[in-house]
Amino acid sequence: MRETLTSSIATVSVPQPAAGVSGSVLQLQCPVCRQGPCRKPFASEPMCSACGFVFSESNGIFNALPSDRESIFRQFVCEYESVRAQEGRGSYRADYYLALPFEDITGRNAWQWSIRARTFRFLQKKVLPGIEISHPKGCDILDIGAGNGWLSYRLAQRRHRPVAVDLVDNDTDGLGAAHHYFDFDAVPPFTRFKAEMDCLPFMPEQFDIVIFNASLHYSIDYTRTLRESLRCLRRDGHLIIADSPFYWREESGQKMLQEKRATFERQFGFRSDSVQSREYITPEMLKDLTDHLNLKWSTYKPWYGMGWALRPAKARLMLRREPSKFYLLHAQREN
């Protein structure tokens, strides 16, 4: 982790892959009192001069989650890590991470990674080029719900400057796993923060793109979450939502939620509902976000194969609920 001290203001240097171009510098905002930019005393970790909150750093990950908020999410994180471990997520092998999302070399969650891979291919072919043309030196990108950092790694390969945010920081399925990218590839290390999506530890207007990577559905309140992400976007910045479950009907989402909680209770011994996240998106929810946040959405529908396309017809024939879709949603901040 490389840090830059500028006039005693707490900043974190985001390495710039383009030769001869200096790195971007993040200014931090306190997650407790929301003041900033936070100051960085000599030879110590960033600290808020108003309330004294310290951005502790461990293994390259900055902790921007206050203790009272950490206690609120503790059960959720514990259950999440338990489920993911039992599902066979993560690996101790570097080649596992370096192959993502295009291949799951363990074979344990191959079908889900095939969805992620198709979404990412669509993103890099159909969405990112139109944005990149206005940013020839690369974009500052906030990857919210970054998990093990695979998307940040792929964006860094495209000469962008990602910052990864997640609540989970373990070394197999969380932010700690990103060390594999730094150890075995030439991409510059990207900055990582343990933080909640409704209280991002950054001063306003520092990113060109904010992307929710299979993560927005963990939000408790979409309007509050997206308002916070828009705060961090520069003027004309881009908001992207990828791989969150989409249903045309509210009742389909509610039925999915009931099924999921019953399955979790049967398989893992708990319902995984300690935090009441929204879990899915509907057209009505998108309209509500449009009205409250003045967003105009572009909806992309990546092709996931014939089997995936036939799922709605099969569900109707078998009198089952509407299956989820995974659309790619894109909006641009206009003011």
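All values reported here derive from a predicted model rather than from experimental measurement.

## Some words on the overall build of the protein
Broken down by element type, the protein carries 10 helices and 11 strands. Rg of the C-alpha trace for the protein: 20 Å, near the compact-globule value of 20 Å for 335 residues, within the 12% margin. With the C-alpha coordinates aligned to their principal axes, the bounding extent of the protein is approximately 65 × 45 × 45 Å. Split by element, the accessible area of the protein, about 15400 Å² in all, is 50% carbon and sulfur. Within the protein, the 39 negative side-chain charges are centred at a point lying 5 Å from the centre of the 44 positive side-chain charges.

## Re the sheet that holds strand β5 (residues 140–144)
Pairing within the open sheet is mixed, and its 9 strands lie in the order β3-β4-β7-β6-β5-β8-β9-β11-β10. On the outer flanks of this sheet lie β3 (56–58) and β10 (298–300), each paired with one strand and no other. With strand direction ignored, the average angle separating the axes of adjacent strands in the sheet is 20°. The pairing of β3 with strand β4 (residues 61–63) spans 3 bridges and is classified as antiparallel. In the sheet register, E57 faces β4, and the bridge partner there is F62.

## Digging into unusual backbone geometry
In this model, G36 is joined to P37 through a cis peptide bond whose omega is 0°. Of note, P37 is situated in the loop between β2 (24–27) and β3. In this structure, P101 follows L100 across a cis peptide bond, with omega equal to 0°. Of note in this structure, L319 is not a glycine but carries a positive phi near 55°. Along the chain, L319 falls in the loop between α10 (311–317) and β11 (328–332). On the basis of relative accessible area, L319 is assigned to the exposed category, the value being 78%.

## Here's the deal with a positive patch on the surface
A cluster of basic residues, R118, R121, K125 and K126, forms a positive patch at the surface. Among the secondary structure elements, K126 is positioned in helix α3 (residues 110–132).

## A few points about the nonpolar core
Judged by nonpolar contacts, the single largest core of 43 residues is most densely connected at L142, F193, F202, F212, L226, L239 and W297. Among the elements of the structure, β5, β6 (161–166), β8 (207–213), α6 (222–232), β9 (233–242), α8 (283–293) and β11 are those that each provide at least two residues to this core. Residues in contact with L226, not counting those within four places in the same chain, are F212, L216, L239, I241, L289, L293 and W297. With 32 residues, the next largest nonpolar core counts Y96, F182, A242 and L328 among its residues.

## A word on empty space enclosed by the protein
Any empty space left between the atoms is revealed when a probe the size of a water molecule rolls over them. Using the criterion set out here, one finds 2 cavities of 30 Å³ or more in the structure. Its volume calculated, the largest cavity comes out at about 50 Å³. Residue lining of the largest cavity: R116, T119, F120, L123, W150, L151, I211, N213, A242 and D243, and that is the complete set. Listing elements by their share of the lining of the largest cavity, those giving two or more residues are α3, α4 (150–157) and β8. For the lining of the largest cavity, a count of residues per class yields 6 nonpolar, 2 polar and 2 charged.

## Things to note about the packing of aromatic side chains
Scanning all chains against the criterion turns up 24 aromatic pairs. Seen from their ring centres, W308 and F326 are 5.7 Å apart, and the 25° between their planes marks the pair as stacked. One end of the pair, W308, is in helix α9 (residues 306–309); the other, F326, is in the loop between α10 and β11, with 18 residues separating them in the sequence. Positioned above the aromatic ring of Y222 is the side chain of R278, whose terminal nitrogen or guanidinium carbon lies 5.2 Å from the ring centre. Sitting over the face of the ring of W308, R311 holds its NZ or CZ atom 3.9 Å from the ring centroid.

## Thoughts on a nonpolar patch on the surface
Nonpolar side chains collect at one region of the surface, where W303, M306 and L310 lie side by side and expose about 340 Å² of accessible area between them. Locating L310 in the fold gives a position in the loop between α9 and α10.

## Focus on α8
Among the residues making up α8, those that are buried are M285, L286, L289 and L293. Viewed end-on, α8 has its buried residues packed into an arc of 100°, placing them on one side of the element. In α8, the exposed positions that point more than 90 degrees away from the buried face belong to E284, K287 and D291. Once α8 ends, the next one or two residues include N294, with phi positive near 55°.

The rules behind these values
- Residues numbered from 1 in each chain as written.
- Predicted model: local features only at pLDDT ≥ 70, side-chain atom pairs only at ≥ 80, totals over all residues.
- Heavy atoms only, no water.
- Helix = DSSP H or I, 4+ residues; strand = E, 2+ residues; numbered from the N terminus.
- Rg over C-alpha atoms; globule rule 2.2 N^0.38 Å.
- Areas by Shrake-Rupley, 256 points an atom, 1.4 Å probe, with all protein chains shown as cover.
- Lys, Arg positive; Asp, Glu negative; His and termini not counted.
- Charge placed at Lys NZ, Arg CZ, Asp CG, Glu CD.
- Pairing = 2+ DSSP bridges.
- Axes fitted to C-alpha atoms, helices over the stretch in contact; angles between N-to-C directions.
- Buried < 20%, exposed > 50% of the residue type's maximum accessible area, 1.4 Å probe, protein only.
- Patch = residues over 30% accessible without salt bridge, like charges linked within 9 Å, V, L, I, M, F, W, Y side chains within 5 Å.
- Salt bridge = Lys/Arg side-chain N within 4 Å of Asp/Glu carboxyl O.
- Core = buried A, V, L, I, M, F, W, Y, C linked by side-chain atoms within 4.5 Å.
- Contact = heavy atoms within 4.5 Å.
- 1 Å grid on protein atoms, 1.4 Å probe; cavity = no way out; pocket = protein on both sides within 12 Å on 5 of 7 lines; lining within 4 Å.
- Points joined across faces, edges and corners; volume = space filled by probe spheres on them.
- Nonpolar A, V, L, I, M, F, W, Y, C, P; charged D, E, K, R; others polar.
- Phe/Tyr/Trp six-rings, centres within 6.5 Å; stacked < 30°, edge-to-face > 60°.
- Lys NZ or Arg CZ within 6 Å of the ring centre and 35° of its normal.
- Arc of directions from axis to C-beta.

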